[in-house]
Amino acid sequence: MPLDRHGPQFDLLYPLPPPARTWHHHRVYTNYHGFTVPEAGIGVFTYIRCQPAFPLSHGGVMMFAGMENIDPLDSEFYDYEISMPWPEVETGSGTTTVTTANGLRLEILEPGRTERLTYTSNDGRTRIDVLAEAITPMLARGHVMSGEETHSPETGDGAPHPPGGFEQFMHYTGEVVLHGRRHPVDAYDVRDRSWHQLRTERQDAVLAPPMCWTPMHFGEDLTVHHVGFESPAHAPLWTELYDI
């Protein structure tokens with residue numbers, strides 16, 4: 001069965017509500033890029049989450065070392081701001097650049113195909129400079145977070161598009177510097193985008209166990225995109241909290 005795909009124009013979506021219109025304050029537009037340096041046991045997480053109703057954003061960079069990372073504060077490096085202005089979006093010479101207030105910069109060199117991700121910490125000792133080149137299409141998804149499906153048909157607020165999103169495997173090449181130590185990057189990892197999704201934060205609005213997103217790449221012929229939760233048969237810690 002063929003999978004739905006999104007076109008490259010969805011890489012360029014950073015809209016604000018039209019005049020005299022109001023969007024729900026929990027509407028979000030997101031950009032995730034993640035990649036690894038297996039030889040050094042390093043995982044890199046970058047994220048931009050925009051809420052156009054305000055408008056504001058949050059996001060930044062986290063780098064993890066090893067496998068014993070239970071909490072974000074277990075990371076080797078952490079620069080993630082919760083309240084930032086709307087990112088600076090510049091377009092010129094065929095390139096769109098999205099830059100956050102804490103310096104995470106995404107250059108969309110060819111929408112749907114090629115991006116450059118850069119970042120430098122305040123002290124200059126931690127940096128990212130990688131090129132991300134697509135190895136799969138932009139695989140469409142209606143939603144990914146629990147509760148989004150309740151609002152997926154909503155399009156009556158003047159937005160230029162319905163809620164949606166995609167996942168795409170990329171070939172990341174370049175360099176990461178962590179606390180002054182350089183690490184070459186040559187990895188196959190994923191990115192994803194969501195747009196106009198309503199991720200409500202109202203108490204008890206979404207009653208679902210912790211979800212795990214597990215994209216996997218097995219070479220040129222196979223990638224797997226999986227979202228799920230631990231089987232209740234394994235008696236996870238949340239068993240008594242949710243009626244599954």
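**Student:** So, the overall build of the protein: which residues are in play, and what are the values?
**Tutor:** A count of helical and extended segments in the protein gives zero helices and 14 strands. Order of helices (α) and strands (β) in the protein, N terminus to C terminus: β-β-β-β-β-β-β-β-β-β-β-β-β-β. Summarising its shape, the C-alpha atoms of the protein cover approximately 50 × 45 × 40 Å along the three principal directions. In the structure as shown, the protein presents an accessible area of about 13,200 Å², 53% of it carried by carbon and sulfur atoms.

**Student:** If you had to explain unusual backbone geometry to someone new, which residues and values would you point to?
**Tutor:** The linkage connecting Phe 54 with the following residue, Pro 55, adopts the cis geometry, with an omega of -15 degrees. Within the element layout of this structure, Pro 55 appears in the loop between strand 2 (42-51) and strand 3 (56-65). Look at Ser 93: it is not a glycine, yet its phi comes out positive at around 55 degrees. For Ser 93, the position within the fold is in the loop between strand 5 (88-92) and strand 6 (95-99). Its identity is not glycine, yet His 196 carries a phi of approximately 55 degrees, on the positive side.

**Student:** Please give an account of the side chain of Asp 79 that cites residues and values.
**Tutor:** With respect to the helices and strands, the residue Asp 79 is situated in strand 4 (residues 77-85). Aside from chain neighbours lying at most four places away, what touches Asp 79 is Gly 59, Gly 60, Val 61, Asn 102 and Tyr 119.

**Student:** Residue-level account of the nonpolar core, with values.
**Tutor:** Residues Phe 35, Met 63 and Ile 128 are the most contacted members of the largest nonpolar core, which totals 34 residues. Listed by contribution, the elements that provide at least two residues to this core are strand 1 (27-37), strand 2, strand 3, strand 7 (105-110), strand 8 (114-120), strand 9 (127-134), strand 11 (164-178) and strand 12 (181-198). For this core, the element with the most residues is strand 11, which contributes five residues. When residues no more than four places from it in sequence are discounted, the contact partners of Phe 35 are Ile 42, Gly 43, Val 44, Leu 117, Ile 128, Val 130, Tyr 172, Val 176, Val 185 and Asp 189.

**Student:** Give me the packing of aromatic side chains: which residues, what numbers.
**Tutor:** Following the criterion strictly, the structure yields nine aromatic pairs and no others. Measuring from ring centre to ring centre gives 6.0 Å for Phe 166 and Trp 195, while their planes differ by 50 degrees; the resulting arrangement is tilted. Placement of Phe 166 in strand 11 and of Trp 195 in strand 12 is noted, with a sequence separation of 29 residues between them. Considered together, Phe 166 and Trp 195 belong to a single accessibility category, that of buried residues. The rings of Tyr 32, Phe 45, Tyr 47 and Trp 213 are connected pair by pair, giving a single aromatic cluster. Over the ring of Tyr 14 we find Arg 193; its NZ or CZ atom is 4.7 Å from the centre of that ring.

**Student:** Could you give me a rundown of the environment of His 171, with the residues and numbers involved?
**Tutor:** With respect to the helices, strands and loops of the structure, His 171 is situated in strand 11. Classification of His 171 by relative accessible area gives buried; the value is 19%. For the pair formed by His 171 and Gly 41, sequence separation is 130 residues and the distance between their alpha carbons is 18 Å. Not counting residues within four places of it along the chain, the set of residues in contact with His 171 comprises Leu 131, Ala 132, Glu 133, Ile 135, Asp 186, Ala 187 and Tyr 188.

**Student:** So what about the pairing of strand 13 (residues 212-217)? Which residues, and what values?
**Tutor:** Judged from the six bridges that link them, strand 13 and strand 14 (residues 223-228) form a sheet pairing that is antiparallel. Counterpart to Cys 212 in the pairing with strand 14 is Gly 228. Counting the residues that bridge the hairpin from strand 13 to strand 14 gives five residues, and of these Gly 219 lies at a positive phi of roughly 110 degrees.

So, how was this worked out
Residues numbered from 1 in each chain as written. Predicted model: local features only at pLDDT ≥ 70, side-chain atom pairs only at ≥ 80, totals over all residues. Heavy atoms only, no water. Helix = DSSP H or I, 4+ residues; strand = E, 2+ residues; numbered from the N terminus. Areas by Shrake-Rupley, 256 points an atom, 1.4 Å probe, with all protein chains shown as cover. Contact = heavy atoms within 4.5 Å. Core = buried A, V, L, I, M, F, W, Y, C linked by side-chain atoms within 4.5 Å. Buried < 20%, exposed > 50% of the residue type's maximum accessible area, 1.4 Å probe, protein only. Phe/Tyr/Trp six-rings, centres within 6.5 Å; stacked < 30°, edge-to-face > 60°. Lys NZ or Arg CZ within 6 Å of the ring centre and 35° of its normal. Pairing = 2+ DSSP bridges.

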